[in-house]
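Commentary on secondary and tertiary structure
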Amino acid sequence: MTEALSQVADRARRRLMPSKSYKPTKWDLRFMRIADMEVAQWSKDQSSKVGAVIVKDRRIISTGYNGLPRGCDDDVPERHERPEKYEWFIHAEPNCIINAAREGVSTLGADMYLNWYPCHICAGYIKQAGIRRLFVDQEPEWEHHKWGKGFIRAKTILEEEKDGQHKVEVVYMNYDAHRQGIIQDKTSQSIPNEKS
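Residues numbered from 1 in each chain as written. Predicted model: local features only at pLDDT ≥ 70, side-chain atom pairs only at ≥ 80, totals over all residues. Heavy atoms only, no water.

What follows concerns unusual backbone geometry. Note that the residue after Arg-82, namely Pro-83, is joined by a cis bond; omega there is 0°. Inspection of the secondary structure puts Pro-83 in the loop between strand 2 (59-65) and helix 3 (85-88). A positive phi angle, near 55°, is found at Asn-174, a position not held by glycine. Locating Asn-174 in the fold gives a position in the loop between strand 5 (169-172) and strand 6 (182-184). (Helix = DSSP H or I, 4+ residues; strand = E, 2+ residues; numbered from the N terminus.)

Take a look at the structure:
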């Protein structure tokens, strides 16, 4: 890790400690469950099921999940294989924002519920869309060998304020997300998929 990125990581870690313990409201849990247990499960991605819900005044105004662009064939096996899938799939966050834009619905001042911490590119989209609070399942692994640097960049993007532009408040819900998928048991109750 470069010296500059290491310093950014240290600053991010120092800012991570919440000033008070967060206890999700029933509404927060409802919207996170919808993002995780419903919307994310619509994704045909075979390895990661990510869902986003944008909410204003306790009303869902948009949803999105990770998937191919509209009209693209998501049954082509090669499009699901790494690294090729990264060229085809659109993340849940921009899909959610785009879906709102398609319907002419403003996201300015809204909240987003997301069952995985955003990458740095999606953090930029979230900030540009005017999202004021981002509720995520868990605090990410800042030192993750593959995603850690991107998580730290995302945190920096979300937190910076300049020229009167807002920062995005990030709320870690300590929610156990089901990014590997959900299967239905014989009693029609949702249970986590153990597939890795």
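Here the narrative resumes, following the displayed structure.
Of the strand pairs in this sheet, strand 3 (residues 111-114) and strand 4 (residues 133-136) are connected by four bridges, and their pairing is parallel. The residue bridging Asp-111 from the neighbouring strand is Arg-133, located in strand 4. Note that the unit made of strand 3, helix 5 (residues 120-128) and strand 4 has a crossover that is right-handed. Inspection of the sheet shows strand 4 paired to strand 5 by four bridges, in the parallel sense. Residue pairing in the sheet places Val-136 in a bridge with Tyr-172 of strand 5. Between strand 4 and its parallel partner strand 5, the chain crosses via helix 6 (residues 148-159), and the hand of that crossover is right-handed. (Pairing = 2+ DSSP bridges. Right-handed = clockwise from strand over helix to strand, strands pointing away.)

Once that is clear, we can look at the sheet that holds strand 3. Sheet architecture is open: five strands sit in the order 2-1-3-4-5, paired in mixed fashion. Looking at which strands have only one partner, the edges of the open sheet turn out to be strand 2 and strand 5. Neighbour-to-neighbour, the strand axes of this sheet turn through a mean angle of 20°, independent of strand direction. Relative to strand 2, strand 1 (residues 51-56) is paired through six bridges, and the arrangement is antiparallel. Bridge assignment links Ala-52 to a residue of strand 2, and that residue is Gly-64. The sheet contacts of helix 4 (residues 92-102) involve strand 1, strand 2 and strand 3, and relative to strand 2 the element is tilted by about 130°. (Axes fitted to C-alpha atoms, helices over the stretch in contact; angles between N-to-C directions. Contact = heavy atoms within 4.5 Å.)

This brings us to the packing of helix 4 against helix 5. The contact between helix 4 and helix 5 brings their axes to 9 Å, and the two run at 25°. The orientation of helix 4 with respect to helix 5, classified from their angle, is roughly parallel. You can see that helix 4 and helix 5 cross each other, and the crossing is left-handed. Residues Glu-93, Pro-94 and Ile-97 of helix 4 form the contact with helix 5, whose own contacting residues are Cys-122, Tyr-125 and Ile-126. (Parallel < 35°, antiparallel > 145°, perpendicular 65-115°, else oblique. Left-handed = near helix turned anticlockwise from the far one by under 90°.)

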